[in-house]
Amino acid sequence: MYILSGLTLDEIEKITDELHASKFRARQIHNWIYLKSVSSIDEMTDLSVKFREELKKIAVVTNIKIKVKQTSSDGTLKYLLEFPDGECVETVLMRFDNRANLTACVSSQVGCAVNCSFCATGKRGFIRNLTYKEIIEQVLTIQRDTGLKVTNIVFMGQGEPLLNLDNVLKAMKIFNENFQIGARRITVSTAGIIPKIKELANTEMQSTLAISLHAPNHEIRKQIMPVENKYPLPELKQALKNYIDKTGRRITVEYLLIKDLNDTLESAKQLVQYLHDLKCNINLIPYNPTAKNDYQRPSNNSIMRFKSLLEQSGKKVTVRLERGSDIDAACGQLSGKAQGTV
Ligand code: SAH
Ligand code: SF4
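In what follows, the accompanying structure is described.

## Some details on the packing of aromatic side chains
A full pass over the atoms with the stated rule returns 4 aromatic pairs. Geometrically, the ring pair formed by Tyr34 and Phe179 is edge-to-face, given 5.1 Å between the ring centres and 70° between the ring planes. Of this pair, Tyr34 sits in helix 2 (residues 23-34) while Phe179 sits in the loop between helix 5 (165-177) and strand 10 (186-190), and the two are 145 residues apart along the sequence. Assigned by exposure class, Tyr34 and Phe179 land together as buried. Ring centres of Phe175 and Phe179 lie 5.2 Å apart, and the angle between their planes is 75°; on these two criteria the pair is classed as edge-to-face. Each member of the pair, Phe175 as well as Phe179, carries the same accessibility label: buried. Each member of the aromatic cluster is reached from another via a ring pair, and the members are Tyr34, Phe175 and Phe179. The ring centre of Trp32 lies 3.9 Å from the NZ or CZ of Lys36, which sits over that ring. Stacked on the ring of Tyr274, the Lys or Arg Lys237 has its end atom at 5.2 Å from the ring centre.

Here it is as structure tokens:
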């Protein structure tokens, strides 16, 4: 059986050829999948009933199931999606009242091998990579379910996207060409896999790179992110500089704020020093509680104090709005809990 979701126009043409139909039929099917987000072949009403019956014998729209759907009081939606092999990932749709943007936060892996101490996903360990089709299916599922068009994509769900770079790049290309979501509206967030940052710098894809820095020095970083042992801060900085030089693009530095651990005056000073010659914006992420550790979120006052210390260095600093924490959909809270794995 062919799964139509995720196929390019060329691939759909091979199916219509098999059915001895014209290329125009392929274009119609492509529109139904990507622009009108249908769930079944029967909904493709500009195809004749006879052709739909033929198509149904060899193809289905999707084989992914919505296992659980939760709605937050702030409008954020979280889906637990199940693939045919029984593995599940979570995908989040964020809407912001004052903006037209609809941002999908997609997963790139089932679980994650990087094992950051503050993250619920890491606690599951690594299970498997998602295929590029499984990545784009997440966005299609949201579109089918809500009837809305996703405008922005962030690779900030479960998994480390740069450890599944081939599939992430293929998915980005399809988001670009088939969903008409510009590369600049796609953000890839990484814990700092240096060789893959270099590889990404050499691709054509002009997406935004976000780097999860989270600590201003080696000691604190290795305590919360084991990846620091393999890819330490000084080399990371070289890779980021190279990325900025090659692409000409400003990067986003994500900095998780954990009370009394990395939210001090000293940390702010060291962070300013580390970033002083990097073309970047800073996004502060106040820690969201996960069940498996006893870190705390700093008070609003200390978040604002930390922010203004950074701003004095002339950088643009934002504090990430917390979305969906009442349904464990906020950053770092995606663990598959609704599935009973945690
Ligand atoms: N693996 C990638 C992308 C997924 S995580 C990465 O680590 O960058 C997306 C963001 O959520 C990262 O910046 C991550 O560090 C952050 N995050 C993880 N756990 C969190 C938590 N408990 N509270 C707030 N942010 C968290
Ligand atoms: Fe993996 Fe990112 Fe979670 Fe770290 S923060 S464990 S890299 S998903």
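## A look at the site of ligand 1
Around ligand 1, 21 residues are found, and the nearest of them are Gly159, Ser189, Ser212, His214 and Asn288. Measuring from a nitrogen atom of ligand 1, one finds a backbone N or O atom of Asn288 at 2.9 Å. In isolation ligand 1 offers 530 Å² of accessible surface; the protein chains occlude 96% of this area. Contributions of two or more residues to the shell around ligand 1 are made by strand 10 and strand 12 (251-257). Of the residues belonging to the shell around ligand 1, the class tally is 10 nonpolar, 9 polar and 2 charged.

## Quick look at the nonpolar core
Formed by 102 residues in total, the largest nonpolar core has its most connected members in Met44, Phe155 and Phe175. At 7 residues, helix 5 tops the list of elements feeding residues into this core. Two domains each provide a minimum of three residues to this core, namely domain 1 (2-60) and domain 2 (65-327). Ignoring sequence-local partners within four residues, the contact set of Phe175 consists of Ile135, Ile136, Val139, Ile153, Phe155, Gln180, Ile181 and Ile186.

Definitions and limits used
Residues numbered from 1 in each chain as written. Chains lettered and ligands numbered in written order. Predicted model: local features only at pLDDT ≥ 70, side-chain atom pairs only at ≥ 80, totals over all residues. Heavy atoms only, no water. Phe/Tyr/Trp six-rings, centres within 6.5 Å; stacked < 30°, edge-to-face > 60°. Helix = DSSP H or I, 4+ residues; strand = E, 2+ residues; numbered from the N terminus. Buried < 20%, exposed > 50% of the residue type's maximum accessible area, 1.4 Å probe, protein only. Lys NZ or Arg CZ within 6 Å of the ring centre and 35° of its normal. Near = heavy atom within 4 Å. Polar contact = N/O pair within 3.5 Å; in protein donor to acceptor, adjacent residues only side chain to side chain. Areas by Shrake-Rupley, 256 points an atom, 1.4 Å probe, with all protein chains shown as cover. Nonpolar A, V, L, I, M, F, W, Y, C, P; charged D, E, K, R; others polar. Core = buried A, V, L, I, M, F, W, Y, C linked by side-chain atoms within 4.5 Å. Domains from an automatic or database assignment. Contact = heavy atoms within 4.5 Å.

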